[in-house]
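Chain by chain, the residues run as shown.
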Amino acid sequence: MGRESYFLRVFSVFILLVSLSFTVLAIDAQTLLKESVDNVAKLETISLEIEVEISAEGLNQKMGMRLESHLQQEVGRLEFLAPKEFAGQIIIVDKPKDIFINYYSTGQAVRMPLSQSAQSNAMSFDVSKLMELNTSDLADLDASRYMFEVEETEKDKTAAYLVIITDSKKEYGVQKVWLQKSDKFPLAMETYDNEGNKTMSMSFNKVEKNKNLDLDKLRTLPKGAVIFDM
């Protein structure tokens, strides 16, 4: 067997092994994300604080929010804590009543059907997904297009899995998701553009699971709120 032929055979086996290893990683990553979705869906309620930083097109915005969501009853409440100009703004997603409410610190609130909010408010769909802590969009990505990698690591001294998602077509940048190792609960997310610049980071803090949340309180606006129906 010639040296060149031997090299080609060995190289072919190497490529096969690498391809198989990527396949295993893809299955593991998507399985982890699906487990995360399933585990959150089993919770009755969730309360936590969210820190978000957005960096895009020269904008750098940091936001703090308090999320309380009755997952089984599909009623969620998101209250902005920071920055100062957003503090006091409240978003309520009430699926049983088909209502989306955006209350502003001015005391005025806009109320509309959920279907209408998705069309008129570019943020409403993301808010609804956020209130369910739903990573299913990431779990359902096409494995033939996206490469999934998994690392065992720590996030804020918590044992975690880091799932890294890369788009082979480079239409989207890299996405990273940290899942708590014990129960696959989301700890943080980051997105990057194709140049490797971080565009968004999100972390989940002060998590309380299956806390006794009052549905009436989740649906209640501050006293004196003026509601406009759309």
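Presented here is an overview of the structure given in this document. (Residues numbered from 1 in each chain as written. Predicted model: local features only at pLDDT ≥ 70, side-chain atom pairs only at ≥ 80, totals over all residues. Heavy atoms only, no water.)

**Topic: the sheet that holds strand E6 (residues 108–112)**
Then, in step 1: Taken in spatial order, the twelve strands line up as E7-E8-E9-E10-E11-E1-E2-E3-E4-E5-E6-E12 in an open sheet, and their pairing is mixed. Both outer strands of the open sheet, strand E7 (146–155) and strand E12 (226–229), are each paired with one neighbouring strand and no more. The sheet shows a mean angle of 15 degrees between the axes of neighbouring strands, direction not considered.
Then, in step 2: Note: strand E4 (residues 90–94) against strand E5 (residues 99–103), five bridges, orientation antiparallel. In the sheet register, isoleucine 91 faces E5, and the bridge partner there is asparagine 102. (Pairing = 2+ DSSP bridges. Helix = DSSP H or I, 4+ residues; strand = E, 2+ residues; numbered from the N terminus. Axes fitted to C-alpha atoms, helices over the stretch in contact; angles between N-to-C directions.)

**Considering the pattern of salt bridges**
Then, in step 1: In total, this model carries eleven salt bridges according to the counting rule given.
Then, in step 2: A salt bridge links glutamate 49 to lysine 206; its shortest N-O distance comes to 3.8 Å. Residue glutamate 49 is located in strand E1 (residues 45–56), and its partner lysine 206 is located in strand E11 (residues 198–209); the two are separated by 157 residues in the primary sequence.
Then, in step 3: Overall, lysine 206 belongs to the exposed group, its relative accessible area being 60%.
Then, in step 4: We note a salt bridge from glutamate 190 to lysine 198, for which the minimum N-O separation is 3.5 Å.
Then, in step 5: Judged by relative accessible area, lysine 198 falls into the partly exposed class, the value being 40%.
Then, in step 6: A single salt-bridge network, built from bridges that share partners, covers Arg66, Glu208 and Lys211. (Salt bridge = Lys/Arg side-chain N within 4 Å of Asp/Glu carboxyl O. Buried < 20%, exposed > 50% of the residue type's maximum accessible area, 1.4 Å probe, protein only.)

**Focus on the side chain of glutamate 190**
Then, in step 1: Secondary-structure assignment places glutamate 190 in strand E10 (residues 186–192).
Then, in step 2: Here glutamate 190 falls in the buried class, since its relative accessible area comes to 11%.
Then, in step 3: A polar atom in the side chain of glutamate 190 sits 2.4 Å from the side chain of tyrosine 192.
Then, in step 4: Polar side-chain contacts of glutamate 190 include one of 3.5 Å to the side chain of lysine 198.
Then, in step 5: For glutamate 190, the contacting residues outside a window of four places in its chain are Lys155, Val174, Gln175, Lys176, Trp178, Lys198, Met200 and Ser201. (Polar contact = N/O pair within 3.5 Å; in protein donor to acceptor, adjacent residues only side chain to side chain. Contact = heavy atoms within 4.5 Å.)

**Overview of the nonpolar core**
Soluble globular proteins tend to pack their nonpolar side chains together in the buried interior.
Then, in step 1: If you look at the biggest cluster of nonpolar residues, it comprises 22 residues, and the most contacted ones within it are Ile46, Leu48, Ile50, Val52, Met65, Leu133 and Phe185.
Then, in step 2: For valine 52, the residues in contact, after removing those within four places along its chain, are Gln61, Lys62, Met63, Met65, Met200, Ser201 and Met202.
Then, in step 3: By size, the runner-up hydrophobic cluster in this structure holds 14 residues, among which are Ala29, Leu32, Tyr161 and Val163. (Core = buried A, V, L, I, M, F, W, Y, C linked by side-chain atoms within 4.5 Å.)

**Focus: the pairing of E11**
Then, in step 1: Sheet topology places E1 next to E11; eight bridges connect them, and they run antiparallel. Across the sheet, the residue bridging to glutamate 51 is serine 203, located in E11.
Then, in step 2: By the bridge criterion, five bridges tie E10 to E11 in an arrangement that is antiparallel. From the neighbouring strand, tyrosine 192 faces E11, where its bridge partner is lysine 198.
Then, in step 3: Between E10 and E11, which pair antiparallel and follow one another directly, the connecting turn spans five residues, one of which, glycine 196, has a positive phi of 90 degrees.

**Description of the environment of methionine 189**
Then, in step 1: Topologically, methionine 189 is positioned in strand E10.
Then, in step 2: Residue methionine 189 is classed as buried on the basis of its relative accessible area of 19%.
Then, in step 3: When the C-alpha positions of methionine 189 and phenylalanine 204 are compared, they lie 9.0 Å apart, and in sequence the two are 15 residues distant.
Then, in step 4: Apart from residues no more than four positions distant in its own chain, methionine 189 is found in contact with Leu138, Lys176, Val177, Trp178, Met200, Ser201 and Met202.

Keep in mind that these numbers describe shape and distance, not what the molecule does.
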